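If you want the building blocks of each chain, they are given just below.
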Protein chains: 4
Amino acid sequence: MHIGLIGLGKMGNNMRARLRKGGIEVTGYDPNPAVSDVASLSELAAALPAPRIVWVMVPSGKITSGVITELGTVLSEGDLVIEGGNSRFTDDFKHSAELAEKGINYVDAGVSGGVWGLENGYGLMVGGNATDVERAMPIFDALRPEGPRAEGFVHTGEVGAGHYAKMVHNGIEYALMQAWAEGYELLDTRKDIIKDVTGTFEAWQRGTVVRSWLLELLVKALKEDPEFKEIEGYVEDSGEGRWTVEEALNNAVPVPTISAAIFARFVSRQGDSPSMKAVAALRNQFGGHSVRKAE
Amino acid sequence: MHIGLIGLGKMGNNMRARLRKGGIEVTGYDPNPAVSDVASLSELAAALPAPRIVWVMVPSGKITSGVITELGTVLSEGDLVIEGGNSRFTDDFKHSAELAEKGINYVDAGVSGGVWGLENGYGLMVGGNATDVERAMPIFDALRPEGPRAEGFVHTGEVGAGHYAKMVHNGIEYALMQAWAEGYELLDTRKDIIKDVTGTFEAWQRGTVVRSWLLELLVKALKEDPEFKEIEGYVEDSGEGRWTVEEALNNAVPVPTISAAIFARFVSRQGDSPSMKAVAALRNQFGGHSVRKAE
Amino acid sequence: MHIGLIGLGKMGNNMRARLRKGGIEVTGYDPNPAVSDVASLSELAAALPAPRIVWVMVPSGKITSGVITELGTVLSEGDLVIEGGNSRFTDDFKHSAELAEKGINYVDAGVSGGVWGLENGYGLMVGGNATDVERAMPIFDALRPEGPRAEGFVHTGEVGAGHYAKMVHNGIEYALMQAWAEGYELLDTRKDIIKDVTGTFEAWQRGTVVRSWLLELLVKALKEDPEFKEIEGYVEDSGEGRWTVEEALNNAVPVPTISAAIFARFVSRQGDSPSMKAVAALRNQFGGHSVRKAE
Amino acid sequence: MHIGLIGLGKMGNNMRARLRKGGIEVTGYDPNPAVSDVASLSELAAALPAPRIVWVMVPSGKITSGVITELGTVLSEGDLVIEGGNSRFTDDFKHSAELAEKGINYVDAGVSGGVWGLENGYGLMVGGNATDVERAMPIFDALRPEGPRAEGFVHTGEVGAGHYAKMVHNGIEYALMQAWAEGYELLDTRKDIIKDVTGTFEAWQRGTVVRSWLLELLVKALKEDPEFKEIEGYVEDSGEGRWTVEEALNNAVPVPTISAAIFARFVSRQGDSPSMKAVAALRNQFGGHSVRKAE
C-alpha cells in the first residue's frame, strides 16, 4: 500500500516512520521542504496510485480546513482522506460534506500516544463508513500498538465518532493529570512526613490500583528533575478539554473533575487573578482585612 | 445592666461603643492598656455586679481557651460567660464543660457584620440554655440591628449551636464572594463588550435577583479603585471556611461551591503551584510540549 | 410615548402593566388572543405611531429569531426594536444585522427581577448605540425600580452588551443559589444542633455580611414549606448558566462555582447516574465492594 | 520466618495465602473460628517464636485500636507490630506510642491491590524506623508484586508515613475513578455517535496516554454488564478520601478533583437532595418556575 501523509511535524514525522517500518509506502508532504518528500499537494496527488489514500495530520481548525479544501481540488472521485489531527468532531461533518460533493471519501481518526507512538504504537479511534475503514485497515494496523487489534483500535461510529471519542479521551486525560498533580502536591507539602516523594510514586507502579502510564511518566519526570525545580507551574491547553466541557454542557452531563482540571490550567497562566482581586477587595470592605498592594 | 467585655480589637472596640450607645454599661479589658478600662481580668471581675456577665471577644483557638480558663479562676458560681469570637463550635463543648465545673454558665454567640456592625448592628446567632439566653437578651438587643428581633437575632440551639450557625454563615459567605468574583472576571475580561464594568454592577443593586450587601460592597470597592489596580489577588482565609468543609465531610454533605471558594484562596497565595508543575511535567513527558523554565 | 410589546407571558404581561402604570401607552401582541391587544404583528405595526418602538419579550432562540424576521417585514426604516428576552448575546449580532439591512434600529436589554418586577421594578442592562438607547429611555425609566437610575439601569456597551451582562448576572445567580443551598443542607443535616433552621436564615436578614434578596426569598419559601417537604430536589436550567460557562471557556476564565452550580442541577435531574454506576462498577472490580443492584 | 496475622477477612485471608506461597509461615487469628488458626490473641502470641512479628489487618478505627491495646497485653518487649489496615496516619502516632510504653516496636503499612493482590501482589508503603522495616523485609518481599522492589514497595518515612502515603494514594484513586466515570457518561450519553462504548474503552488499553489498570477494570466491568444495567449508581466511601481532603485543608493544598469525586459519591447516596430542594424553592420564589411536587 502506498499513501500520502500531509503534515510532518512532531506527530506526522513519527507516524511516517512507523508506517514505513510497518510496510506502508509513504509519500509525505509538509510546507517545510527540509522534511517534505514532494513540493506540493498536487505533486503528492500525482505521486500516489489511484484510488488514493491521504492521511492529514496538521493543526486543527483553519489549517486543517484549508488542507481539506485544497485536497478537494487535487484528489479525484473514489479517493479517501483520513483526517487524523486533533480536530473537533463537529468539523468532520463539514469536512466530509465538502469532500463528498466531489465523491471523495472521508474517515476521521483520533490518535493518542504522543511522542511515544513511534515506539509503542498509537491508540486509534476511527469514524466513517465500514467500507472506507476496511480499506484503510492496513494503515491502522501499522500504526496501532502490537497486541490484539481491539486493544489499540476501534471503529467507533460514523464520521465524527473518531474525533468525538478522542475528545472524551483527552477530557479524561486532563482530569487524570490533575488528580496526579493534586496527589503530588499533597506528598510534596508534607515532606516532613514523606521523606521520599519520588520513591513513593515509584512504588505505586506495580500492584496498586492506580498503576498507569501517566504514573510511570510522573516517576520519569521526577527522576529527571526532583521537586520540579526547573519547571514553572504554567500549563497550556489545546482545545479538547474545553470542547469536552462544552459537549458536557450540551448534553447535561456533570463533569466536575474535567472542568476543574481545565480551570486549574487557566489559573496557572494568570499573572494576577482578577477574581481573587475582587475577593480581596470584598474582604477589605466588610471586615477591614488588609489587602496586599499590587506593585 | 453592667457587663464585662474582654478583647477590644477591631470588633470588640466597636461592640463596646454600640453597647454603650444602647444603654449597657461596659467595662472593657484588653492586654493593651491604651484601650483597656481595667488592668486585669481580676480587676474586671471585681468591677462587675454579681451575678456577672462577661462577653469574650478574642481570637479563636488558644487565646480564647486561655481566657476561658482564666475566667474560671476569677468568676463565681452563677456568673455567665458569652463567647462571641469566631470559635469552632466543638470548642464550645470544651469551654462550657470547663466552666460548668465551677457553676459558671455559658452561651456562645456567632457575630456577623464586620466593621459595619457599629453603625448597622450585628447579626447574632446564639447557642445556650433558654434561661441564660433570656438573661443576656438586653445585650443582644443592644448589639443587633434595628428592626424585628427575629431578623437579626436567633437562639438557634444549645451550647455550640451559635458557632455552628456562624460557621455555616461564613461558609456560604465564602461561596457568595467567589461567585461575585467569577462574575467580575467575566465582565472584566470582555471589556471590549462591557464598556462600564463598575456601572454594570452598580445597576444590579435594585430590582435584580442578585441584589445584596456584598454587591453593594463590590460597587463601593470598584468606585474606590476601578479595575482593582491597587490590589493583589492574594486572599487569606480565617478558618470557618475550612471547618465548614470538614463538617460537610463529616456529614456527607456535598459542598462544591464552598470548597471551590476555599481552594481558590489557597491557589491565590501560592507563588508557584506544585500541582501545576506536575501537570506541566506530565505534558512534557508524553507530548513533548514545552515547559516554562523556572527562573 | 406609545410602544408595541410582543409576548405577553409571565414576564411580558407584568411588564405591560408596569409600563402602563408608568405612563407609557402599550399595544401588546401575543399569539394567545385572550391576552393580546391586536390580532397580528402587522396590526401591531399599524397601531403604532412612526417611527415605532417595539419591545420583543418572547422565548429566546428560534422563537425570538422568527419574530425578528417577521418584524423586518412589518416595520419601517427608522423604527426601533428592543429585544428584551433571555437571548444569547451572540444572537444579537445576527438579529441587529438582519434588521439593519432594512434601516431598523436595534437595542438589546437584559431584564432581571422575575415575577416581582411588576411591583419592584426590573433591573435593566442595555446594549446599543447611544441615540437608540436615549430614545428608549422613557421606557427604561418606567420599567426600572425607583431610586437613582444608575442603581437599576445601565447602558453597558454596543449591541449584545446588554445580554452579555445579563448572562453573567444569571451565571452569578446560579452560583449564589447553590451557595445558599449548600448552607441550607449543612443546617438541615444537623438539626440535632440547629433547632430552628428557618429562624437561623431569618436572623441573617439584617446586619450580616450575607444579607440579600435571595436570602429573603429562602426565608419566605421555608416559612411556606418548612423542610421543603412538598418540593422535589429537581432543578431545570434555562441556558444562561451554560452560556456563561461556555464564555468562560472561550476566554480562559476559571468559574468553579458557576460550573458547580450547573452540574448540581444536571445531577438533580438524573434518575440514576451513569457516571456513578461506573464508579460503583470499578469499586466492585478492584475491591470486591458490593454494589446495589438496579431494580 | 513465622509471623502472626490478625484479621482474616477479604484482604487478610488473601494475604495469608500469598505470604505462605512466599515461604512465610503464618498463624492467623480471626474472631470467626471457621477461618482462624488459633482461638485467641494470647494463643497467637504463644504460637509465635520470640521476638514476635504480628501483622494487624482489621477494620480501621475502634477495632484496630482495640486490637493494638490487647496486643500490648499479650506481646513482649522487642516484638514488632505491623499495622496494615486502612488507618488514618494520625492513629499511628497513638498506636505506636501506646506500644512503645511496653517496648513493642511498630511499623505502619499502606496496602494497595484489593482482591487482586493475592495474584498480582500488593503495593506497599511503609512507615517506621529503619531497623524495624529491615527486620520485616522478608514479609514485604513476599507480599509485594514481582519485579524490582522499588516498583512495589517504599519505606516512605517514620511511623505514620506509610498510612499518609496510602491516604494520598486513595485520594488520587477517587479522582481517577471519577474522571473515568465522567468520560463514560460522555460516551454513553452520545450513543447516537459512539456506536460501541465498550469497544472504545477497550481500544484505549494500548498505546494511549490514558492506559491504566483502572481502564482495564472498566473494560472488564463493561464486558460483564454492558451499559451497567445491573448496577445502581450508588457509591459508598470508606474514609481515606475524606481524610485526604481534610489534610488538604490543613495544609492549604487545593484539591478540586479529589473533593469533586467525594461529593459525587455523597450525592449518589441521597434519595432526594436537600440542597436541590432549596434551589428549586428559590427559583419558584423569584421566577414562578414550577417545582416538582414531592410524593
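Residues numbered from 1 in each chain as written. Chains lettered and ligands numbered in written order. Predicted model: local features only at pLDDT ≥ 70, side-chain atom pairs only at ≥ 80, totals over all residues. Heavy atoms only, no water.

So, about the overall build of chain A. A count of helices and strands for chain A gives 13 helices and seven strands. Across its three principal directions, the C-alpha atoms of chain A cover 75 × 45 × 40 Å. Considering only residue pairs separated by 6 or more positions, chain A has 64% of its internal contacts joining residues 24 or more positions apart. Total accessible area on chain A is roughly 10000 Å²; 49% of this is exposed by carbon and sulfur atoms. Between the mean site of the 29 positive side-chain charges and the mean site of the 40 negative ones, chain A shows a separation of 6 Å. (Helix = DSSP H or I, 4+ residues; strand = E, 2+ residues; numbered from the N terminus. Contact = heavy atoms within 4.5 Å. Areas by Shrake-Rupley, 256 points an atom, 1.4 Å probe, with all protein chains shown as cover. Lys, Arg positive; Asp, Glu negative; His and termini not counted. Charge placed at Lys NZ, Arg CZ, Asp CG, Glu CD.)

Another aspect to go through is the interface of chain C and chain B. Residue-level contacts link 70 residues of chain C with 70 residues of chain B. Across the chain C/chain B interface, buried area totals approximately 6000 Å², and carbon plus sulfur atoms make up 67% of it. For chain C, the biggest contributors to the area lost against chain B are Leu186(C), Arg206(C) and Val209(C); these three give 12% of the whole. For the pair chain C and chain B, the interface holds four salt bridges. Put simply, Glu151(C) and Arg206(B) hold a salt bridge, and the shortest N to O gap is 2.7 Å. Across the contact surface, chain C and chain B share 22 residue pairs in polar contact (both at pLDDT 80 or more). Of all the secondary-structure elements, those providing two or more residues to the side of chain C that touches chain B are strand 6 (123-127), strand 7 (153-157), helix 8 (161-189), helix 9 (197-202), helix 10 (213-224), helix 11 (240-250) and helix 12 (256-268) of chain C. Take the side of chain C that touches chain B: its biggest share by element is 18 residues, from helix 8 of chain C. (Buried area = accessible area lost by both parts, 1.4 Å probe. Salt bridge = Lys/Arg side-chain N within 4 Å of Asp/Glu carboxyl O. Polar contact = N/O pair within 3.5 Å; in protein donor to acceptor, adjacent residues only side chain to side chain.)

Residues Phe201(A), Phe201(B), Phe201(C) and Phe201(D) are the most contacted members of the largest nonpolar core, which totals 232 residues. If sequence neighbours within four positions are ignored, Phe201(B) has contacts with Trp180(B), Gly183(B), Tyr184(B), Leu187(B), Leu215(B), Leu218(B), Val219(B), Leu222(B) and Ile172(C). (Core = buried A, V, L, I, M, F, W, Y, C linked by side-chain atoms within 4.5 Å. Buried < 20%, exposed > 50% of the residue type's maximum accessible area, 1.4 Å probe, protein only.)

Helical geometry note: an α-helix holds 3.6 residues per turn, so side chains three or four residues apart project in the same direction. Spanning twelve residues, helix 10 of chain C covers 17 Å between terminal C-alpha atoms, matching the ideal 16 Å at 1.5 Å per step. For helix 10 of chain C, the complete set of buried residues consists of Trp213(C), Leu214(C), Leu215(C), Leu217(C), Leu218(C), Val219(C), Ala221(C) and Leu222(C). Buried-residue contacts for helix 10 of chain C involve helix 5 (117-120), helix 8 and helix 9 of chain C together with helix 13 (274-287) of chain D. (Expected span 1.5 Å × (residues − 1).)

Working note: a packed helix pair is described by the angle between its axes plus the distance between those axes. Running from amino to carboxyl end, helix 13 (residues 274-287) of chain A crosses helix 12 (residues 256-268) of chain B at an angle of 100 degrees, the nearest separation of the two axes being 11 Å. As judged from the angle between their axes, helix 13 of chain A and helix 12 of chain B are roughly perpendicular. For the pair helix 13 of chain A and helix 12 of chain B, contact is made by Met276(A), Val279(A) and Arg283(A) and by Ala264(B), Arg265(B) and Ser268(B), respectively. Looking at the contact of helix 13 of chain A with helix 12 of chain B residue by residue, the classes come out as three nonpolar, one polar and two charged. (Axes fitted to C-alpha atoms, helices over the stretch in contact; angles between N-to-C directions. Parallel < 35°, antiparallel > 145°, perpendicular 65-115°, else oblique. Nonpolar A, V, L, I, M, F, W, Y, C, P; charged D, E, K, R; others polar.)

Another aspect to go through is the UniProt feature "domain: 6-phosphogluconate dehydrogenase C-terminal" (unreviewed entry) in chain A. Here the UniProt-annotated "domain: 6-phosphogluconate dehydrogenase C-terminal" (unreviewed entry) positions come out as residues 162-290 of chain A. Between the C-alpha atoms that bound residues 162-290 of chain A there is a distance of 53 Å. The span itself is 66% helix and 0% strand. (UniProt positions renumbered as here; feature names shortened; annotations may be inferred.)

As a further point, take the relation of the copies chain C and chain D. Superposing chain C onto chain D requires a rotation of 180 degrees together with a translation of 0.0 Å along the rotation axis, leaving an RMSD of 0.0 Å. In the structure described here, the two chain copies are related by an operation that fits a two-fold rotation axis. Interface overlap between copies: 100% of the residues of chain C at the interface are likewise at the interface in chain D, consistent with a symmetric, same-surface contact. (Least-squares fit on C-alpha atoms with pLDDT ≥ 70 in both.)

Taken residue by residue, chain A gives an average pLDDT of 96. The fraction at 70 or more is 100%. Across the whole predicted complex the pTM is 0.97, and at the interface the ipTM reaches 0.96. (pLDDT = per-residue confidence, 0-100.)

Before going further, it helps to spend a moment on the pairing of strand 7 (residues 153-157) of chain B. Residues and elements named next belong to chain B. Counting buried positions along strand 7 yields four of five residues, so the element is predominantly enclosed. Two elements, strand 6 (residues 123-127) and strand 7, share four bridges in a ladder whose sense is parallel. Looking at the pairing, leucine 124 lines up with phenylalanine 153 of strand 7. (Pairing = 2+ DSSP bridges.)

On the chain D side, the residues contacting the 56 residues of chain C number 56 residues. A buried area of about 5100 Å², summed over both sides, lies between chain C and chain D, and 62% of it is on carbon and sulfur atoms. Counting the surface chain C buries against chain D, the share from its top three residues, Gln285(C), Phe286(C) and Arg292(C), is 15%. Seen at the junction of chain C and chain D, the total is two salt bridges. A salt bridge links Arg292(D) to Glu232(C); its shortest N-O distance comes to 3.9 Å. Joining chain C to chain D, the criterion identifies 24 residue pairs in polar contact (both at pLDDT 80 or more).

Attention now goes to the sheet that holds strand 2 (residues 25-29) of chain A. All names here are of chain A. Taking strand neighbours across the sheet as the criterion, the seven strands line up as 2-1-3-4-5-6-7 in an open arrangement whose pairing is mixed. Each edge of the open sheet carries a strand with a single partner, namely strand 2 and strand 7 (153-157). Between one strand axis and the next, the sheet turns by 25 degrees as a mean value, whatever way the strands run. Sheet topology note: the strand 1 (residues 2-6)/strand 2 ladder contains five bridges and is parallel.

Right, let's talk about helix 12 of chain C for a bit. Over its 13 residues, helix 12 of chain C runs 18 Å from end to end, which matches the ideal 18 Å to within 8%, given 1.5 Å per residue. Buried residues dominate helix 12 of chain C, accounting for eleven of its 13 residues.

Here we take up the pattern of salt bridges. Two side chains with opposite charge may pair up if their charged atoms get near one another. Within the structure shown, the criterion is met by 76 salt bridges over all chains. The structure contains a network of salt bridges with shared partners spanning Asp188(A), Lys191(A), Glu227(A) and Lys229(A).

Our next topic: the relation of the copies chain C and chain B. Once turned by 180 degrees and shifted 0.0 Å along the axis, chain C lies on chain B with an RMSD of 0.0 Å. Of the residues that chain C buries at the interface, 100% are likewise interface residues in chain B, meaning the two copies contact each other through the same surface.

With that settled, consider the environment of Lys277(C). Counting through the fold element by element, Lys277(C) comes out in helix 13 (residues 274-287). Look past the residues within four positions of Lys277(C) in its chain and what remains in contact with it is Asp272(C), Phe228(D), Lys229(D), Ile231(D), Glu232(D) and Gly233(D).

If you trace the backbone, Arg190(B) turns up in the loop between helix 8 (161-189) and helix 9 (197-203). The exposure class of Arg190(B) is buried, given its relative accessible area of 16%. In this structure the side chain of Arg190(B) is engaged in a polar contact, spanning 3.0 Å, whose partner is the side chain of Asp192(B). Not counting residues up to four positions away in its chain, the partners in contact with Arg190(B) are Tyr164(C), Glu247(C) and Asn251(C).

Okay, the sheet that holds strand 4 (residues 80-83) of chain D next. Residues and elements named next belong to chain D. Pairing is mixed in the open sheet, where seven strands are placed in the order 2-1-3-4-5-6-7. At either margin of the open sheet sits one strand with a lone partner, and together these are strand 2 (25-29) and strand 7 (153-157). Taken pair by pair, the neighbouring strands of this sheet meet at an average axis angle of 25 degrees, ignoring direction. Packed on one face of the sheet, helix 8 (residues 161-189) meets strand 4, strand 5 (105-112), strand 6 (123-127) and strand 7 and runs near 15 degrees to strand 5.

The subject of this paragraph is the packing of aromatic side chains. Inspection of every chain in the model, using the stated rule, returns 44 aromatic pairs over all chains. Note on Phe89(A) and Tyr164(A): the rings are 5.0 Å apart at their centroids and 85 degrees apart in plane angle, and the pair reads as edge-to-face. One end of the pair, Phe89(A), is in helix 4 (residues 89-100); the other, Tyr164(A), is in helix 8 (residues 161-189), with 75 residues separating them in the sequence. By relative accessible area, which is 3% here, Phe89(A) ends up buried. With centroids separated by 5.1 Å and ring planes inclined at 55 degrees, the aromatic side chains of Tyr184(D) and Phe228(D) adopt a geometry described as tilted. You can see Tyr184(D) sitting in helix 8 and its partner Phe228(D) sitting in the loop between helix 10 (213-224) and helix 11 (240-250), a full 44 residues away along the chain. We note that Tyr184(D), like Phe228(D), is buried. (Phe/Tyr/Trp six-rings, centres within 6.5 Å; stacked < 30°, edge-to-face > 60°.)

Where the residue is not glycine, phi is negative for most of them; where a peptide bond is considered, it is trans in most cases. Cis geometry marks the peptide bond from Ala50(A) to Pro51(A), where omega comes out at -5 degrees. By the element assignment, Pro51(A) lies in the loop between helix 2 (41-47) and strand 3 (53-56). Despite not being glycine, Phe228(A) shows a phi value in the positive range, around 50 degrees. Of note in the backbone geometry, Ala252(C) takes a positive phi value of approximately 55 degrees without being a glycine. Relative to the elements of secondary structure, Ala252(C) occurs in the loop between helix 11 and helix 12.

This part is about the packing of helix 8 of chain B against helix 8 of chain C. At a minimum axis distance of 9 Å, the contact between helix 8 of chain B and helix 8 of chain C shows a crossing angle of 165 degrees. In terms of axis orientation, helix 8 of chain B runs roughly antiparallel to helix 8 of chain C. Every pair of crossing elements has a handedness; the one defined by helix 8 of chain B and helix 8 of chain C is right-handed. For the pair helix 8 of chain B and helix 8 of chain C, the contacting residues are Tyr164(B), Ala165(B), Val168(B), Ile172(B), Ala175(B), Leu176(B), Ala179(B), Trp180(B), Gly183(B), Leu186(B) and Leu187(B) in the first and Tyr164(C), Ala165(C), Val168(C), Ile172(C), Ala175(C), Leu176(C), Ala179(C), Trp180(C), Gly183(C), Leu186(C) and Leu187(C) in the second. In terms of residue class, the contact of helix 8 of chain B with helix 8 of chain C is built from 20 nonpolar, two polar and no charged. (Left-handed = near helix turned anticlockwise from the far one by under 90°.)

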